[in-house]
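One letter stands for each residue in the lines below.
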Amino acid sequence: DADKCCGTGACIEECSFVNAISFVEHNVNGKVIKKAEVNGALCKGCGMCVPVCPNNAIQLEGWRIEQYDAMVDAIVTDF
């Protein structure tokens, strides 16, 4: 969700797939800001970008953020 993206780049750093996520510059009210954009052809849907996004701007196709959070919580509980 580009409206939620604050451009930290955490998702890009976490992504293991080259160029699956990249910065795209947007002009907003005369100011250039960078927002992450996912290349659907290169994204493998691993979900590693989801938990590092501070604004919950990323949702995996076929998953709601609540489902993903529950899955991560269940994994962490096992440890």
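Each chain has its residues counted from 1, running along the sequence as written. Local features in this predicted model are restricted to residues whose pLDDT is 70 or higher, and side-chain atom pairs enter the listing and the counts only when it is 80 or higher, whereas totals over whole chains, interfaces and linings include all residues. With hydrogens and water excluded, all non-hydrogen atoms of the structure serve as input to the side-chain values.

*Asks:* Which parts of the structure should I look at to understand the overall build of the chain?
*Replies:* In this text, helices come from DSSP runs of H or I with a minimum length of four residues, and strands from runs of E with a minimum of two, each type numbered from the N-terminal end. Check the secondary structure of the chain and you find two helices and two strands. Along the chain, helices (α) and strands (β) appear in the sequence α-β-β-α when read from the amino end. Considered along the principal axes of its C-alpha atoms, the chain spans approximately 50 × 25 × 20 Å. In this scheme, a residue with accessible area under 20% of its type's maximum is buried, one over 50% is exposed, and one in between is partly exposed, where area comes from a 1.4 Å probe on protein chains only. Classification of the 79 residues of the chain by burial places 20% in the buried group. For the chain, the centre of its 6 positive side-chain charges and the centre of its 11 negative side-chain charges are spaced 7 Å apart. Residues scored as positive are Lys and Arg, those scored as negative are Asp and Glu, and His as well as the terminal groups of each chain are ignored. In plain terms, the charge of a residue is placed at NZ if it is Lys, CZ if Arg, CG if Asp and CD if Glu.

*Asks:* Please explain empty space enclosed by the protein as it appears in this structure.
*Replies:* Picture a little ball the size of a water molecule; that probe, rolled over the atoms, points out where space is still empty. For cavity detection a 1 Å grid was placed over the protein atoms alone, and a set of points counts as a cavity when a 1.4 Å probe fits there but cannot get out; an open set counts as a pocket when protein lies on both sides within 12 Å along at least five of seven lines, with lining residues being those that have an atom within 4 Å of a point. Grid points are joined across faces, edges and corners, and a volume is the space filled by probe spheres set on the points. Under the defined criterion, the tally for this structure stands at one cavity of 30 Å³ or more. Approximately 70 Å³ is the volume attributed to the largest cavity. Considering the residues around the largest cavity, the lining is formed by Cys15, Phe17, Ala20, Ile21, Cys43, Lys44, Gly45, Cys46, Gly47, Cys49 and Leu60.

*Asks:* Explain unusual backbone geometry here, please?
*Replies:* In most cases, non-glycine residues show a negative phi, while peptide bonds are predominantly trans. One non-glycine residue with positive phi stands out, namely asparagine 19, at about 65 degrees. Assignment of secondary structure puts asparagine 19 in the loop between helix H1 (10–14) and strand E1 (21–28). Owing to a relative accessible area of 54%, asparagine 19 belongs among the exposed residues under this scheme. One non-glycine residue with positive phi stands out, namely asparagine 29, at about 55 degrees. Looking at where asparagine 29 falls in the secondary structure, it is placed in the loop between E1 and strand E2 (31–38).

*Asks:* Is there a simple way to think about the nonpolar core in this case?
*Replies:* Across soluble globular proteins, nonpolar side chains have a tendency to be buried as a group. Among the buried residues, those of types Ala, Val, Leu, Ile, Met, Phe, Trp, Tyr and Cys that are joined through side-chain atoms within 4.5 Å form a nonpolar core. Cys11, Ile21, Cys49, Val50 and Ile58 are the most contacted members of the largest nonpolar core, which totals 13 residues. Here, residues are in contact when the closest pair of their heavy atoms is within 4.5 Å. The residues touching cysteine 49, leaving out its near neighbours within four places in the chain, are Cys11, Ile21 and Ile58.

*Asks:* Looking at this structure, how should I read the layout of surface pockets?
*Replies:* The space that makes up the largest pocket amounts to roughly 360 Å³. At the level of secondary structure, the elements contributing two or more residues to the lining of the largest pocket comprise H1 and E2. The element best represented in the lining of the largest pocket is E2, accounting for three residues. When grouped by side-chain class, the residues that make up the lining of the largest pocket number 15 nonpolar, six polar and three charged. Residue polarity follows a fixed list, in which Ala, Val, Leu, Ile, Met, Phe, Trp, Tyr, Cys and Pro are nonpolar, Asp, Glu, Lys and Arg are charged, and the others, Gly among them, are polar.

*Asks:* Please clarify how the side chain of lysine 35 should be interpreted in this entry.
*Replies:* Along the polypeptide, lysine 35 turns up in strand E2. Here lysine 35 sits buried without a salt bridge, and the closest side chain of opposite charge, aspartate 3, lies 5.6 Å off (N-O distance). Within polar-contact distance, the side chain of lysine 35 engages the backbone oxygen of cysteine 5 at 3.0 Å. Excluding anything up to four places from it in sequence, lysine 35 contacts Ala2, Asp3, Cys5, Ser22, Phe23, Val24 and His26. For salt bridges, the criterion is a side-chain nitrogen of Lys or Arg within 4 Å of an Asp or Glu carboxyl oxygen. In protein, a polar contact requires one atom able to donate a hydrogen and another able to accept it; more generally it is a pair of N or O atoms within 3.5 Å, and residues adjacent in sequence count only if both atoms are side-chain atoms.

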